[in-house]
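# Inside the fold
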Amino acid sequence: MPPDYPVSLSLEKLYGLFGEMSRPDYVPVPAEAVPPPYNHLLVHHQHMTVTMEAFYGGPVALRVLARKRFDSWYARKILLLREQRVVQFGMMRIHLDLCSVEVRSAILREDTPLGHILIQHRVLRYIEPVAYLRLFPDAAMCAWFGLAKPQETYGRLAIIHCDHQPAVELLEVAAPVILPAR
């Protein structure tokens, strides 16, 4: 049974929820070391769903890769896609008892990104970035991102406070962004 809050959020703990043995290589980096365009994608207090949609120019879709349910907790491993292209990988653990019945039901339907659900239901929320990570994808992440070999990308660990309660722990990893040559 998972511990109650407060917890020490880490990539290992989120991967451990799914019994994952393979993990991306990573190193924590300070916010000011996250380079463009990743700094615009990650270093803020906004939902990644909205940020990704603004960056990629349209709505993103949710694909749930795996889920776990235990007591009042629900965890899922997801991809966000823009026109069939993976733009983000994520893992989250949600304390369902801290969500309204309507929000809980919408989350468990698994058809809408979490950011949209919280916005649509007018949940008072605050996204607290806990750490920024420079990552080198593992084989699974390379496949999702369409990479022939690992390519540096960035991510963040964060907690979403809903109605002043730490309701969601998450890992969000941006797909590598190919910048035009100068």
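Below is a short write-up of the structure. (Residues numbered from 1 in each chain as written. Predicted model: local features only at pLDDT ≥ 70, side-chain atom pairs only at ≥ 80, totals over all residues. Heavy atoms only, no water.)

### Considerations on the overall build of the protein chain
The secondary structure content of the protein chain amounts to six helices and seven strands. Sequence-ordered secondary structure for the protein chain, helices as α and strands as β, is α-β-α-α-β-β-β-α-α-β-α-β-β. Taking 2.2 N^0.38 as the reference for a compact globule, 182 residues should give roughly 16 Å; the C-alpha atoms of the protein chain span a radius of gyration of 16 Å, in line with that estimate. Reported as C-alpha extents along the three principal axes, the dimensions of the protein chain are approximately 50 × 35 × 30 Å. (Helix = DSSP H or I, 4+ residues; strand = E, 2+ residues; numbered from the N terminus. Rg over C-alpha atoms; globule rule 2.2 N^0.38 Å.)

### Description of the packing of aromatic side chains
Scanning the model with the defined rule gives four aromatic pairs in all. With a centroid separation of 6.3 Å and 45° between ring planes, the pair formed by Tyr15 and Phe89 is classed as tilted. Here Phe89 lies in strand β4 (residues 85-95) and Tyr15 lies in helix α1 (residues 11-16), a separation of 74 residues in the sequence. Judged by relative accessible area, which is 0%, Phe89 ranks as buried. Pairing Tyr38 with Tyr154 gives two aromatic rings, centres 5.1 Å apart and planes at 40°, and the pair type is tilted. In this pair, Tyr38 is assigned in helix α2 (residues 38-42) and Tyr154 in strand β6 (residues 153-162), connecting sequence segments 116 residues apart. One exposure class covers both Tyr38 and Tyr154, and it is buried. (Phe/Tyr/Trp six-rings, centres within 6.5 Å; stacked < 30°, edge-to-face > 60°. Buried < 20%, exposed > 50% of the residue type's maximum accessible area, 1.4 Å probe, protein only.)

### Quick notes on the pairing of strand β2 (residues 61-70)
Of the strand pairs in this sheet, β2 and strand β3 (residues 73-82) are connected by nine bridges, and their pairing is antiparallel. Bridging from a neighbouring strand, Arg63 pairs with Leu79 of β3. What sits between the antiparallel neighbours β2 and β3 is a turn of two residues, in which Asp71 has the positive phi angle 50°. (Pairing = 2+ DSSP bridges.)

### Quick word on empty space enclosed by the protein
Applying the stated criterion across every chain yields a total of one cavity of 30 Å³ or more. Considering only enclosed or pocket space, the largest cavity measures out at about 180 Å³ in volume. Taken together, 21 residues form the lining of the largest cavity, with Thr49, Gln88, Met92, Leu114 and Glu172 sitting closest to its centre. Elements that contribute at least two residues to the lining of the largest cavity include exactly α3 (48-56), β3, β4, α5 (114-120), β6 and β7 (165-174). Across the lining of the largest cavity, the residue classes break down as twelve nonpolar, six polar and three charged. (1 Å grid on protein atoms, 1.4 Å probe; cavity = no way out; pocket = protein on both sides within 12 Å on 5 of 7 lines; lining within 4 Å. Points joined across faces, edges and corners; volume = space filled by probe spheres on them. Nonpolar A, V, L, I, M, F, W, Y, C, P; charged D, E, K, R; others polar.)

### Description of the pattern of salt bridges
Applying the stated rule across the entire model yields six salt bridges. Close ionic contact of Arg67 with Glu110 constitutes a salt bridge, the shortest N to O distance being 2.8 Å. With Arg67 in strand β2 and Glu110 in the loop between α4 (101-109) and α5, the pair connects residues that are 43 residues apart, well separated along the chain. Ionic pairing is found between Arg82 and Glu83, a salt bridge with its closest N-O pair at 3.4 Å. (Salt bridge = Lys/Arg side-chain N within 4 Å of Asp/Glu carboxyl O.)

### Quick word on the nonpolar core
In this structure, Tyr38, Met52, Ile94, Ile107, Leu114, Ile160 and Val168 are the most contacted members of the largest nonpolar core, which totals 37 residues. Apart from residues lying up to four places away in sequence, Leu114 is in contact with Arg76, Met92, Ile94, Ile107, Ile160 and Val168. Counting residues in hydrophobic clusters, the runner-up holds 27 residues, among them Leu17, Ala66, Cys142 and Phe145. (Core = buried A, V, L, I, M, F, W, Y, C linked by side-chain atoms within 4.5 Å. Contact = heavy atoms within 4.5 Å.)

### Topic: the sheet that holds β3
Strand pairing in a sheet relies on backbone hydrogen bonds. The paired strands run either parallel or antiparallel. With respect to topology, seven strands assemble into an open sheet ordered β1-β5-β6-β7-β4-β3-β2, the strand pairing being antiparallel. In this open sheet, the two edge strands, each paired with only one partner strand, are β1 (25-29) and β2. If you compare each strand with its neighbour and ignore which way they point, the axes differ by 25° on average. In this structure, strand β5 (residues 125-136) lies alongside β6, joined through ten bridges in antiparallel fashion. Bridging from a neighbouring strand, Tyr132 pairs with Arg156 of β6. Contacts from α3 reach β3, β4, β6 and β7 within the one sheet, and its direction differs from that of β4 by about 170°. (Axes fitted to C-alpha atoms, helices over the stretch in contact; angles between N-to-C directions.)

Without other data, these values stay purely geometric and don't point to any function.
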